[in-house]
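# Commentary on secondary and tertiary structure
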Amino acid sequence: MLPPLIVSRRPAARNLFEELFDSLCFDTAVTLDALAAYTMTRLLTASPAGWPAAAALADVADELLATPPRPGLAASWFRARLVLAARCAAGQAGLTQLRAFSAATSVLTFHRLDQRARHDRAATVCQQIHDLGLEGA
Amino acid sequence: MNAVDLAPAQLDAMLADTRRLRAAFAGTADRDWDAATAATELAVQLGHLAQCVRRDDLNEPVPVDEQRPITDAGDELADVVLAALSVWTLSAAPPRDPELHRALRTVATGSPPADGPAALLRLVSASGALAEIAMVENGLRHRPGGAVPPLPDAVAAVLATCLTLACIRHLDLAGEFARMVRDADGFITRAQPASAQPGEFSTHERTGSQVRKRLGADHLTGRDLPVPAGSAGSEHLLRYLDTLRHAGIRLPADLAVAPGTPLTVTYTWLDGPTLAEATSTAPATVVTSVREIISWLRTLDDTDARIDTNLATSASPTVRRRSSTCCPR
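Residues numbered from 1 in each chain as written. Chains lettered and ligands numbered in written order. Predicted model: local features only at pLDDT ≥ 70, side-chain atom pairs only at ≥ 80, totals over all residues. Heavy atoms only, no water.

### With respect to the overall build of chain A
In terms of helices and strands, chain A carries eight helices and one strand. Seen in sequence order, chain A has helices and strands lined up from the N terminus as β-α-α-α-α-α-α-α-α. Burial analysis of chain A (137 residues in total) assigns 58% to the buried set. A separation of at least 24 residues holds for 60% of the contacts in chain A among residues at least 6 apart in sequence. As presented, chain A carries roughly 5200 Å² of accessible surface, and 55% of it is formed by carbon and sulfur atoms. (Helix = DSSP H or I, 4+ residues; strand = E, 2+ residues; numbered from the N terminus. Buried < 20%, exposed > 50% of the residue type's maximum accessible area, 1.4 Å probe, protein only. Contact = heavy atoms within 4.5 Å. Areas by Shrake-Rupley, 256 points an atom, 1.4 Å probe, with all protein chains shown as cover.)

Here is the structure:
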């Protein structure tokens with residue numbers, strides 16, 4: 001099974017993307033938020049049959065969101081994704097907003113940006129998180 | 001074939017294929033689609049269909065790009081149907097398929113169009129109405145005054161007109177749709193070869209059911225995580241695998257680490273839907289799988305090992321075709 005993600009061999013992040021990506025791979029709290037958010041978002045946007053399934057993960061989201069938010073770009077991005085997905089599953093937010101925020105926080109898109117654009121994107125997303133109250137506190 | 005000739009089972013199959021294809025195509029674009037995006041795609045496919053009608057019915061000289069020939073009216077008509085059904089399946093309000101069935105049974109088709117171009121004009125008209133609804137729903141356009149048809153009626157109107165056009169051209173629309181789905185599946189497979197899937201850390205070769213995966217290829221993101229991990233050697237990889245097994249993670253029974261460098265593992269291919277596909281086809285199973293993966297992640301938290309959460313789905317009840325990817329996008 002490859003790649004072996006070995007914590008003791010985690011390389012140092014050299015830029016904003018690697019900070020985000022490495023945290024996604026190695027920081028369990030971030031990975032959990034990201035996995036739950038991604039799954040709920042996919043279920044919500046794939047088909048009507050996915051809505052009850054997304055709602056069935058509400059307890060998972062609640063449990064993850066009960067832990068205090070952590071500092072850092074990746075922690076805030078994926079916590080915010082989970083907060084919004086949970087709201088959407090509860091009927092408190094719309095799919096359009098969910099899709100837009102997922103696109104804004106796409107890891108692959110973030111990788112394609114140059115360093116300056118990444119900083120701009122990070123600032124924009126940070127503002128969105130604040131405006132939408134997605135800190136998950 | 002006309003509107004009432006499209007059997008409910010055929011429509012259900014088309015909807016299921018649409019949802020599956022939308023999930024599969026999601027990996028080929030930078031951004032997720034919504035109903036308005038699908039409406040834009042509807043315009044694209046109408047343009048393709050119009051090329052065929054202009055060439056075939058009006059004898060207009062329409063250049064053909066040999067690299068991308070747009071000459072098969074049946075295929076283009078099926079693409080129009082796919083786009084229209086995508087508007088339905090991606091609608092912000094969760095669509096209820098019985099409403100579409102009802103709308104298709106009762107849609108008013110009016111007098112038969114005189115010929116293919118006349119039918120195409122009706123299709124453009126119906127598609128425009130559907131696109132407008134999609135844009136309004138997605139907050140991209142104001143809601144116009146006057147009567148706005150409900151979404152099911154607008155989708156049904158497009159489908160009914162497609163059926164009429166298919167009848168004029170002696171095409172079996174359901175058959176053309178099924179053929180398009182097969183082609184689309186082939187495209188998706190080619191667009192995402194196993195060694196170039198998003199998030200791939202390694203290259204792998206597949207011969208029949210046997211997979212041979214090598215560490216060290218460039219990752220799509222340019223991240224060099226495999227390098228420090230790979231320099232650890234096969235012994236470290238074996239310890240890593242033991243850690244996973246102790247955490248309760250089910251690895252392929254015949255997973256083997258090959259000696260030498262680069263690090264290489266072999267195992268038997270596990271067939272099945274990707275996580276993205278399963279969200280459309282087996283959502284309850286996805287819930288079960290994700291709960292299990294979360295338990296693995298928590299168990300591993302005190303160890304030196306982490307897992308690629310997409311990869312983990314291959315060991316969970318939701319089996320995926322891909323054999324290695326990065327974390328969720």
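### Here's the deal with empty space enclosed by the protein
All names here are of chain A. Per the counting criterion, the structure on display carries five cavities of 30 Å³ or more. Approximately 60 Å³ is the volume attributed to the second largest cavity. Considering the residues around the second largest cavity, the lining is formed by Ala-29, Val-30, Asp-33, Pro-69, Arg-70, Ala-75, Ser-76 and Arg-79. Elements supplying a minimum of two residues to the lining of the second largest cavity: helix H2 (28-46) and helix H5 (73-89). Considered class by class, the residues forming the lining of the second largest cavity number four nonpolar, one polar and three charged. (1 Å grid on protein atoms, 1.4 Å probe; cavity = no way out; pocket = protein on both sides within 12 Å on 5 of 7 lines; lining within 4 Å. Points joined across faces, edges and corners; volume = space filled by probe spheres on them. Nonpolar A, V, L, I, M, F, W, Y, C, P; charged D, E, K, R; others polar.)

### Digging into the side chain of His-101 of chain B
Mapped onto the fold, His-101 of chain B is located in helix H4 (residues 97-106). Beyond its immediate stretch of four places on either side in the chain, His-101 of chain B contacts Pro-8, Leu-11 and Asp-12 of chain B.

### So, the pattern of salt bridges
Residues and elements named next belong to chain B. Per the stated rule, a full pass over the model turns up 18 salt bridges over all chains. With its nearest N and O atoms 2.9 Å apart, the salt bridge here joins Asp-72 to Arg-179. Here Arg-179 lies in helix H7 (residues 173-191) and Asp-72 lies in the loop between helix H2 (35-57) and helix H3 (73-89), a separation of 107 residues in the sequence. With relative accessibility at 30%, the residue Asp-72 sits in the partly exposed group. In the salt-bridge network here, residues are joined through shared partners; they are Asp-56, Asp-57 and Arg-169. (Salt bridge = Lys/Arg side-chain N within 4 Å of Asp/Glu carboxyl O.)

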